[in-house]
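These are the residues of each chain, in order.
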Amino acid sequence: MKYGTSGINNLQRAAYGYNRWSMSGVRQYLNSDLAANTWWEPQHPFDRPPQQLSTTRGFMAGLPNDFLNIVAPIRITTALNTVSDSDIGTTEVTTDKFWLPSLEEEYCAPQLANVEGPYFEYWKERLGLNAPQGSGGTNANANHIRYLISNHTSAQSVRLRSASRGHAVNTWNVRAAGYVSYGNAATASALAPACAICSQK
């Protein structure tokens, strides 16, 4: 890794976070059942704890065991950014029980096609499009808007797994208005994680 050999952090990451899924705090959160202050560990020399670490327990901590027992860990492929990660490769694979969907999985036009998973049939049907949703406000789709469970009128910006590949810092999001764009990885957004259910033994 460039920061490992130079000892200097990428300037984008230093200010606004890092868009690499494998090293993200949100990935650690989603795949942990540990208490607050214990589910996060630094993944690289410049990693810093999430603001929510001291007040939030791991995502799996509140889920019933009979559900967790049928959630299968699966291999997830994610495209890397071309700014700070080009020397690592084009993609990398992680094994996760819970993950954030990618652009492709949410039936949105990806930056690197046929890499980050097939589209979810749910999103293809819900969006009602003949081709994946494009990015930007002109491609807003009201059927892509999501709301808080506790407040069905509070539209949320939802974080996706995909990195904006031309930046070391930005990740893709579905905005509260139903369009797709990117923003800083350090910015807090709502989460709508996915998982794979296996048949019980």
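The structure under discussion appears in the preceding block.
A brief report on the enclosed structure follows. (Residues numbered from 1 in each chain as written. Predicted model: local features only at pLDDT ≥ 70, side-chain atom pairs only at ≥ 80, totals over all residues. Heavy atoms only, no water.)

**Here's the deal with the layout of surface pockets**
1) Next: One number sums up the size of the second largest pocket: a volume of about 310 Å³.
2) Next: Around the second largest pocket sit Arg146, Tyr147, Leu148, Ile149, Gln156, Val158, Ala190, Leu191 and Ala192, which together line it. (1 Å grid on protein atoms, 1.4 Å probe; cavity = no way out; pocket = protein on both sides within 12 Å on 5 of 7 lines; lining within 4 Å. Points joined across faces, edges and corners; volume = space filled by probe spheres on them.)

**Some points on the packing of aromatic side chains**
1) Next: A complete count under the given rule lists seven aromatic pairs for this structure.
2) Next: Measuring from ring centre to ring centre gives 5.2 Å for Phe59 and Phe98, while their planes differ by 75°; the resulting arrangement is edge-to-face. Note that Phe59 is positioned in the loop between α3 (25–30) and α4 (65–68) and Phe98 in strand β4 (residues 98–99), a separation of 39 residues in sequence.
3) Next: Phe59 sits in the partly exposed class, given a relative accessible area of 25%.
4) Next: Centroid distance Tyr122 to Trp123: 5.0 Å. Interplanar angle 80°. Geometry classified as edge-to-face. (Phe/Tyr/Trp six-rings, centres within 6.5 Å; stacked < 30°, edge-to-face > 60°. Helix = DSSP H or I, 4+ residues; strand = E, 2+ residues; numbered from the N terminus. Buried < 20%, exposed > 50% of the residue type's maximum accessible area, 1.4 Å probe, protein only.)

**Brief notes about the sheet that holds strand β1 (residues 71–72)**
1) Next: Across the sheet, three strands lie side by side as β1-β10-β4; this open sheet has antiparallel pairing. Of all strands in the sheet, those bounded by a partner on one side alone are β1 and β4. (Pairing = 2+ DSSP bridges.)

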